[in-house]
Amino acid sequence: MPVGGSAMSSLLESCKLIDQSSSALSTVAVAVAALSCEAARANLSALDLTDSGDGSVAKDDIGVSSDIKVLLNGSKLAVSSNKGDDKVTTNSFSKILVLYGNVREAVKSLHSVIRVVENSGEKLGGKVLHLCFELKNLGESSLERVRLNLGSISIEDLKGVFEKDCLSEESLRNGVKFAVDAELEKDYVKLVKDVDLVLGIVWKIVAWEAVTAFFVLEGVEVLNEKNDGKGGEAEGENVKAEKKKKKKKVLLGRGTSFIVEMIKDRLMSKVGGLEKIVVEILSFLDPKSPDFDGLLKKVKEILESNESRRIPKTPKGTRDFAKEQMAIRKKAFSIITKVFERHCATALDTPAFELKETLTGKYGEDSKLIYDLADQGGELCSLRYDLTVPFSRYVAMNGLTSFKRYHIDKVWRRDNPSKGRYREFYQCDFDIAGQYEKMGPDFEVVRILSEVLNALNIGEYEIKLNHRKLLDGVLEICGVPPAKFRTICSSIDKLDKQSFEQVKKEMVEEKGLSVETADKIGTFVKIRGPPLELLSKIMGGAEGSELLKHNASKEALDDLSLLFDALDRSRCIDKVVFDLSLARGLDYYTGVIFEAAFKGGVQVGSIGAGGRYDNLIGNFGTKQVPSVGMSLGIERVLTIMEEKAQNQAVRATETQVLVAVMGDKLAVAAELVSELWDVDIKAEYKVHKKVMKLIEHAINSKIPWMIIVGEREVNEGILRLKNIETTNEEVIPRSKLVEELQKRLSP
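Parameters at a glance
Residues numbered from 1 in each chain as written. Predicted model: local features only at pLDDT ≥ 70, side-chain atom pairs only at ≥ 80, totals over all residues. Heavy atoms only, no water. UniProt positions renumbered as here; feature names shortened; annotations may be inferred. Buried < 20%, exposed > 50% of the residue type's maximum accessible area, 1.4 Å probe, protein only. Helix = DSSP H or I, 4+ residues; strand = E, 2+ residues; numbered from the N terminus. Pairing = 2+ DSSP bridges. Phe/Tyr/Trp six-rings, centres within 6.5 Å; stacked < 30°, edge-to-face > 60°. Lys NZ or Arg CZ within 6 Å of the ring centre and 35° of its normal.

Under an unreviewed UniProt entry, the protein chain has the name histidine--tRNA ligase and belongs to Hibiscus sabdariffa. Recorded in UniProt under Sequence similarities (unreviewed entry), the annotation for the protein chain is "Belongs to the class-II aminoacyl-tRNA synthetase family." Taken from UniProt, the Catalytic activity (unreviewed entry) comment for the protein chain reads in full: "tRNA(His) + L-histidine + ATP = L-histidyl-tRNA(His) + AMP + diphosphate + H(+)".

> In this structure, what is going on with helix α17 (residues 468–478)? I would like to understand it.
One turn of the α-helix equals 3.6 residues, which is why residues spaced by three or four share an orientation. Burial within α17 is extensive, with 9 of its 11 residues counted as buried. For α17, the complete set of buried residues consists of Arg-468, Leu-470, Leu-471, Asp-472, Gly-473, Val-474, Leu-475, Ile-477 and Cys-478. Of the residues trailing α17, Gly-479 is marked for its positive phi of about 95 degrees.

> I'm lost on the sheet that holds strand β4 (residues 403–412) in this one. Help?
What links the strands of a sheet is backbone hydrogen bonding, and the strands pair in either a parallel or an antiparallel sense. On the basis of which strands lie adjacent, the open sheet formed by 9 strands has the order β1-β4-β5-β11-β10-β9-β6-β8-β7 and mixed pairing. One side of each edge strand has no neighbouring strand; the edge strands of this open sheet are β1 (346–347) and β7 (528–529). Note that β7 and strand β8 (residues 576–579) share 2 bridges and pair antiparallel. Looking at β8, one finds that Gly-529 is bridged to Phe-578.

> Which parts of the structure should I look at to understand unusual backbone geometry?
Outside of glycine, negative phi angles account for most residues, and trans bonds account for most peptide bonds. Look at Lys-186: it is not a glycine, yet its phi comes out positive at around 60 degrees. Along the polypeptide, Lys-186 turns up in the loop between α7 (169–184) and α8 (188–227). Note on Lys-186: relative accessible area 40%, which makes it partly exposed. Residues other than glycine seldom take positive phi values, yet Asp-680 does so here, at roughly 70 degrees.

> What exactly am I supposed to notice about the packing of aromatic side chains here?
In this description, a pair of aromatic rings is defined by centroid distance and the angle of the planes. Inspection of every chain in the model, using the stated rule, returns 11 aromatic pairs. Put simply, the rings of Phe-340, Tyr-406 and Phe-430 touch in pairs and so form one group of aromatic residues. Between the NZ or CZ atom of Lys-298 and the centre of the ring of Phe-258, over which it lies, the distance is 4.4 Å. Over the aromatic face of Phe-321 sits the side chain of Arg-329, whose NZ or CZ is 3.7 Å from the ring centroid.

What follows is the structure, given as structure tokens:
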């Protein structure tokens, strides 16, 4: 039914109350979940979420993860490695980030609608119902942990008290069903009331999760103190049994310990047994209770205080790389460099930023993605967008007429981060500048791209290839004005991500082509297939007859004939696809263009690209130097390699030997490890009183050999040499340390 006037005002006020209560719930529920993590000794690896920098992880999910880290900072109960109960973590805790993050997102969405004065009941109803579904999911997740906590407590009476509240998944689902029915009937007043009832049930469940987690952690001691031996016989026996199970006191997280102490302080001032304690804790977590604001304020202080949090962030579109990732990156860069140097290229480095005039006008529509720097004393500068333009500037500035170089370094683009797309990333470029035999350099750079991708062993891929002059010929034949060639190329370049109908709409509605022209372009750009076979078909078909009449496209077809023959003889043409839709949006391309795409399970988009750019260097100097080059999309390749390495052991270091000194004698460790460093053996040292700690470090770090030395070894002039893989151990003379290790480390 339509809502208007005073009814609308009342509806808005009710929505505001739900908004406020849900917002408080989204904070308190995370704190309670953190208590359950400690109560269950949960493995927190599934809750360790960081911003990947590419926008692929929901912001609210990251916020929940960050809050849990703050609350559990310093905890000795919840673990962050596989030492915890993986099954418990998977079943009861792994969905916390998504479910609780979704509630936060739904609350924000409702809040944004409430702030708009001109609201309809339908808009409010949709947002409130969406929140209702997310609250139901949160409630079911919390209820699962209530039961998990109860299973860890032997106080049967507590289970009986819980069952009296009749909280269940069914009560949540019935509440949601009533809300859905009200929304279908457009009875938004009833809808809001039904959602408020669901919210109340969820609050009660979360409060019970706090009760049960508290009893696992501290409640038995509190109950025992209160009973002081005077409680009921059954209750007293249960408490005694639980007390026997109780281990020595373990350190809670800095945040969760505050919350536990607040509950204990509240209980100490009250008189009563088990049921009284439960009622007090439930009341403490009741948003209508006068003491609730104090709890909420304290939780917010914990989460927002600099002392607790101190978790800085990386800028959007950037990321840090942990030691395992760096090991993979180092390996990849080494492989790529080896291929580049096999083709006799020299390395080049250029500044991270260039004069703005150097970069302006080189990237077409992508020029808006250039990062401009603040004026620093008269020079307008920008961070480099790619490595090709700086290379061209270098060649022109130094008057070079030929140069074969490679460059591996960072570039920056003011792009919108998305999966596999960053604002700061590495490029690996190989370029050949100068006059050479026709299509020779073009063949070599395509071959190099294929060699690199094969050497990196990423799996199946294809290299799509086209010719800019052929594409220009197609556009001219189709009736596109020359002034629009580049902008239409930018549209065609989107065909790997969009359907032709979407691209056609852009060409017609935004760029002014006629429908007939766009359709004719479509007949050409849908052509793709094996290079030699398709080229032969084009040369002998109707399309070929049109293209052969056009000088530029005829020249392109001749170039491609030479290139495909060379690639065929080079045994790498099986990876190449002749694709007339490939356009490459950059303005500086003048000839062959190509792009590599991964065909495996990980969706990462383009993993490498390049082409010929004969006029770019001339823009910076007095003479043209024809050039062709390729750039590997290394960040996306590394994403594939990291995915493949997930189930494989990755060594973060290349340590060959661990010098393990038992005790506290740094000087002994320094003497031994320095002898190894002096002969180029990769070694590290550890000084510790417990030998098992040292062995455990070697095993975890996958270090193959250990030198073990204690007081006895020092006195007798010997060392113990241990093979970590076989666990065999032998005694060697101290004087033969280097000799014995070199013998075992030599291939």
